[in-house]
Amino acid sequence: MTDSILDLHINDGLTDEEIDHEKNTYGPLAEDVRELILLALQTRVDADDVARAREHLAAAREILERDRETGPYGTRYNDSGRYRTWGNAVMGLRNAIAPIGEIHEEPDGRVWADFRLNPAYEGPAGHTHGGVTALVLDQILGDAARAGGHPGMTGTLTVRYRRRTPLGALHAEARIDRVEGRKTFVKGHIADAEGVCVEAEGIFIAPQWMIEHRENLDTSPRRE
Ligand SMILES: CCCCCCCC(=O)SCCNC(=O)CCNC(=O)[C@H](O)C(C)(C)COP(=O)(O)OP(=O)(O)OC[C@H]1O[C@@H](n2cnc3c(N)ncnc32)[C@H](O)[C@@H]1OP(=O)(O)O
């Protein structure tokens, strides 16, 4: 387990220009697929049109499969310190299910994101699935720990659902509460326009392997 995490931290030697090219090539593809996920849920066209659309999708899949990787994306970086976690389930640029585009880090340690959850994230009718809000909070709280200089794995995440979280425009934020040795305690929440919907507290623990290999890991503020 430990080795596989370190094995997936790879300096792939790309130039900044090559990274920008990849970003401009594959980012819009993920956007299109994100839109397709919603369309699969919402389209009302008839069976013939669905069949026709599926033929086009099969053709697109055939093109995309001509040259592909098979494993997880991991964390990739280059010599100028640009870290890419583009497969990340919450904010990966190339991951069509990732609901967050950008997570901001403030000098005072606050980490935040404004994002939208469309109906593909539904749990209770018309509202956000509780597992999705927990997913977002795990990432935001973990990022607050990392941005504050205390990266760790989630040991415990305690989530309190104070009221139903609507779909649509949401805001998430977190900051470090305290640090006790290898354990970092982080607090955060998700809010809609009316106020806080979900609160969370996380304990992020730096395992020994992470401390030993810290200089090679994803602790850079220049993560994208
Ligand atoms: C960095 C970018 C942001 C990433 C955001 C996404 C975050 C994630 O989703 S991470 C994935 C989910 N988490 C995991 O898979 C973690 C799996 N678990 C582990 O790897 C280990 O159990 C880990 C790292 C949590 C603790 O392992 P280890 O370092 O061996 O702990 P150990 O030496 O037993 O205990 C150290 C301290 O932590 C405490 N502790 C151990 N496990 C936990 C836990 N699960 N919860 C709370 N405290 C714990 C111990 O009591 C001990 O405390 P003290 O020092 O006061 O006695």
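Just so you know, these numbers come straight off a predicted model, no measurement behind them. Along each chain, residue indices are assigned from 1 in the same order as the chain's sequence is written. It should be noted that, the model being predicted, local features are given only for residues of pLDDT at least 70 and side-chain atom pairs only at 80 or more, the latter also being counted only at that level, while totals for whole chains, interfaces and linings use all residues.

S.K.: Which residues make up the overall build of the protein, and what values do they have?
M.R.: Segments assigned H or I by DSSP are reported as helices when at least four residues long, segments assigned E as strands when at least two residues long, and all are numbered from the N terminus. When its secondary structure is counted, the protein shows five helices and nine strands. On C-alpha atoms alone, the protein measures out to a radius of gyration of 19 Å, which is about the 17 Å that the 2.2 N^0.38 rule sets for 224 residues. On the principal axes, the C-alpha backbone points of the protein span a range of 60 × 45 × 30 Å. Any residue whose C-beta has 12 or fewer other C-beta atoms within 10 Å is treated as exposed, any with 20 or more as buried, and any in between as partly exposed, C-beta atoms being built from the backbone. When each of the 224 residues of the protein is scored for burial, the buried share is 22%. Relative to all contacts within the protein whose residues are 6 or more apart in sequence, the contacts with residues 24 or more apart total 65%. Atoms considered for the radius of gyration are the C-alpha atoms alone. The globule rule reads 2.2 Å times the number of residues to the power 0.38. By definition, residues are in contact whenever their C-beta atoms, placed on the basis of the backbone, come within 7 Å of each other.

S.K.: Can you explain the site of the ligand? Please cite residues and give values.
M.R.: Neighbouring the ligand are 17 residues, the closest being Gly-142, Met-153, Gly-155, Thr-156 and Pro-207. Broken down by secondary-structure element, the contributors of at least two residues to the shell around the ligand are helix H4 (130-147), strand S6 (153-161) and strand S9 (195-205). By residue number, the principal contributor to the shell around the ligand is H4, which donates five residues. Using the backbone to place each C-beta atom, any residue with that atom within 6 Å of a molecule or strand is considered near it.

S.K.: Residue-level account of the nonpolar core, with values.
M.R.: Core analysis: the biggest nonpolar cluster contains 27 residues, and Val-136, Leu-137, Ile-140, Leu-141 and Ala-144 have the highest contact counts within it. Elements that contribute at least two residues to this core include exactly strand S5 (111-117), H4, strand S7 (168-180), strand S8 (183-192) and S9. Aside from chain neighbours lying at most four places away, what touches Leu-141 is Ala-174, Val-186, Gly-188, Ala-200 and Gly-202. Linking buried Ala, Val, Leu, Ile, Met, Phe, Trp, Tyr and Cys residues through C-beta atoms within 7 Å yields a set, and such a set is a nonpolar core.

S.K.: Can you tell me about the pairing of S9, naming the residues and giving the values?
M.R.: Where S6 and S9 come together, eight bridges link them in antiparallel fashion. Bridge assignment links Tyr-161 to a residue of S9, and that residue is Val-198. Where S8 lies against S9, 10 bridges are found, and the strand directions are antiparallel. Within the sheet, the bridge partner assigned to Phe-185 lies in S9 and is Ile-203. Paired strands are those between which DSSP finds at least two bridges. In this structure, the hairpin formed by S8 and S9 is closed by a connection of two residues.

S.K.: Any chance you could break down the sheet that holds strand S2 (residues 75-77) for me, citing the residues and the numbers?
M.R.: Spatially, the three strands line up as an open sheet ordered S1-S2-S3, and their pairing is mixed. The outermost strands of the open sheet, each flanked by one partner alone, are strand S1 (9-11) and strand S3 (83-84). Sheet analysis places S1 next to S2, joined by three bridges and oriented parallel. Residue Asn-11 lies in a different strand from S2, and its bridge partner there is Tyr-77.

S.K.: I'd like to hear about the environment of Arg-116, residue by residue, with values.
M.R.: Tracing the backbone shows Arg-116 in strand S5. Separated by 16 residues in the primary sequence, Arg-116 and Ile-100 place their C-alpha atoms 7.6 Å from one another. In this view, Arg-116 contacts Gly-168 and Ala-169; residues no more than four positions away in its chain are not counted.

S.K.: Describe the sheet that holds S5, naming the residues involved and giving the relevant values.
M.R.: Strand-to-strand pairing in sheets goes through backbone hydrogen bonds, with the strands running parallel or antiparallel. Here we have six strands laid out as an open sheet, ordered S4-S5-S7-S8-S9-S6, and antiparallel in their pairing. Looking at strand neighbours, the two that pair on one side only are strand S4 (104-105) and S6, the edges of this open sheet. In the sheet, S7 pairs with S8 via nine bridges, with the strands oriented antiparallel. Each bridged residue has a counterpart across the sheet, and for Val-179 the counterpart in S8 is Thr-184. Every angle, taken between N-to-C directions, lies between 0 and 180 degrees, and every axis is a line fitted to C-alpha atoms, over only the stretch in contact when it is a helix. Its contacts with the sheet put H4 on S4, S5, S6, S7, S8 and S9, and the angle it makes with S8 is roughly 130°.

S.K.: Outline the confidence of the model for the protein, supporting the account with residue identities and numerical values.
M.R.: Of all residues in the protein, 96% have pLDDT values of 70 or greater, and the mean over the chain is 94. Interface scoring of the predicted complex returns ipTM 0.95; its pTM is 0.95. The score called pLDDT rates the predictor's confidence residue by residue, from a low of 0 to a high of 100.

S.K.: Lay out H4 with the relevant residues and their values.
M.R.: Because an α-helix packs 3.6 residues into every turn, residues spaced three or four apart end up facing the same way. Take the residue count of a helix, subtract one, and multiply by 1.5 Å to get its expected span. Taking 1.5 Å of rise per residue, 18 residues should cover 26 Å, and H4 covers 25 Å from first to last C-alpha, within 8% of that figure. Most of H4 sits out of view: 13 of its 18 residues are buried. With its phi angle positive at about 90°, Gly-149 sits one or two positions after the end of H4.

S.K.: Go over the pairing of S5 with me, naming the residues and quoting the values.
M.R.: Looking at chain direction, S4 and S5 are connected through two bridges and run antiparallel. From the neighbouring strand, Glu-105 faces S5, where its bridge partner is Val-111. Here S4 folds back onto S5, and the loop between the two strands holds five residues, one of which, Gly-109, carries a positive phi near 95°. As defined by bridge partners, S5 adjoins S7 across seven bridges and the pair is classed as antiparallel.

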